[in-house]
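Analysis of the macromolecular model
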Amino acid sequence: MHSVNKLIDCGGTVLLYESKNKSTGVSDNKIENLRVSLITNFVTDQFLAVFHLKISLSEYGGVKEKLEQFLNELKSSSGLKDISYMAVAHPSQSKESDYAMIYLVTNIEVAVLTASVNNEVLEDLEEAYFENLWKNELTIDVYTGKQLLETFTTAYEEGLKSSVFEEMPIKFRKNLKSPEVLYDGEASEYLKKEKVLNYPYFRSEEFFSNKAGYHTLYEYSQYGYFHEHTTYLDSEEEFDSYR
């Protein structure tokens, strides 16, 4: 490995960027930033709840308030005082559809979604219970790391390209941890101190952008999620489109 230009510590995962042209940094983009945030906050060994929330486009103008109300209901049902979450809106595949889908991941483990109302809600009726709170159709799932990253980044990318949402927001988040970012010498020192190269899982990918030139991304993790995940922004068009 050549000298590391940029290191992002996501907790159980560390991302290393190596420049081939001695550039001092790597260009940022919305899709990669979303991916890093998901890795930092939600790619863990826990079984976290992921909601697929249907919403009519006629209601979408009030989507932020609707989500906040639903999250308050999740606090009550789970008994948690604070919830970390990420949500992205995905346009319908049909041009004639008047609905969209919101993908919502929280830090609530699926087993405690209704911990405070267990006497009222049977396990096989949980979706019906939350549908009543959301006031529309929904499903609840548990994702692997691969599924989480692929679903959310794809939905966000298609949402950015779509004219369905016009100027309305398509990404929502709260109480998220920010990864630590180090450059050059500090990055190299961190590698040695934390013994990052001894992490059990590893992969690398090369990519190119007009701004940063050729780079290699090295990914070291305590989790094996990226053995199931192979999608990177490895073309010039993909990497530069969302700067």
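Quick look at the structure, then. Keep in mind it's a predicted model, so treat the numbers as computed, not measured.

1. Concerning the overall build of the protein
- A tally of helices and strands in the protein yields six helices and ten strands.
- Each of the 243 residues in the protein was classed as buried or not, and the buried ones make up 48%.
- Summarising the internal contacts of the protein: among those between residues at least 6 apart in sequence, 73% fall at separations of at least 24.
- Carbon and sulfur atoms provide 45% of the accessible area of the protein, an area that totals close to 12700 Å².

2. Examining the pairing of strand β10 (residues 213-221)
- For β10, a buried count of eight out of nine residues is recorded, marking the element as mostly surrounded by other parts of the structure.
- The sheet contact formed by strand β2 (residues 13-19) and β10 spans seven bridges and is antiparallel. Note that in β10 the partner of Val 14 across the bridge is Tyr 220.

3. Digging into the pattern of salt bridges
- Going through the model one piece at a time under the given rule, you end up with six salt bridges.
- For the salt bridge of Arg 35 with Glu 32, the shortest nitrogen-to-oxygen distance reads 3.8 Å. In this pair, Arg 35 and Glu 32 both sit in helix α1 (residues 30-42), three residues apart, roughly one turn of the helix. The pair Arg 35 / Glu 32 is uniform in exposure class, with both members buried.
- Between Glu 59 and Lys 66 there is a salt bridge, with its nearest N and O atoms 3.8 Å apart.
- Look at Lys 66 and you get buried, because its relative accessible area is 14%.
- When salt bridges with common partners are traced through the structure, they connect Glu 32, Arg 35 and Glu 219 into a single cluster.

4. Some remarks on a negative patch on the surface
- Judged by side-chain charge, Glu 180, Asp 184, Glu 186, Glu 189 and Glu 194 come together as a negatively charged surface patch.
- The greatest single-element share of the negative patch, amounting to four residues, is contributed by helix α5 (residues 184-194).
- With respect to the helices and strands, the residue Glu 180 is situated in strand β8 (residues 180-183).
- Judged by its relative accessible area of 40%, Glu 180 falls in the partly exposed class.

Definitions and cut-offs
- Residues numbered from 1 in each chain as written.
- Predicted model: local features only at pLDDT ≥ 70, side-chain atom pairs only at ≥ 80, totals over all residues.
- Heavy atoms only, no water.
- Helix = DSSP H or I, 4+ residues; strand = E, 2+ residues; numbered from the N terminus.
- Buried < 20%, exposed > 50% of the residue type's maximum accessible area, 1.4 Å probe, protein only.
- Contact = heavy atoms within 4.5 Å.
- Areas by Shrake-Rupley, 256 points an atom, 1.4 Å probe, with all protein chains shown as cover.
- Pairing = 2+ DSSP bridges.
- Salt bridge = Lys/Arg side-chain N within 4 Å of Asp/Glu carboxyl O.
- Patch = residues over 30% accessible without salt bridge, like charges linked within 9 Å, V, L, I, M, F, W, Y side chains within 5 Å.
- Lys, Arg positive; Asp, Glu negative; His and termini not counted.
- Charge placed at Lys NZ, Arg CZ, Asp CG, Glu CD.

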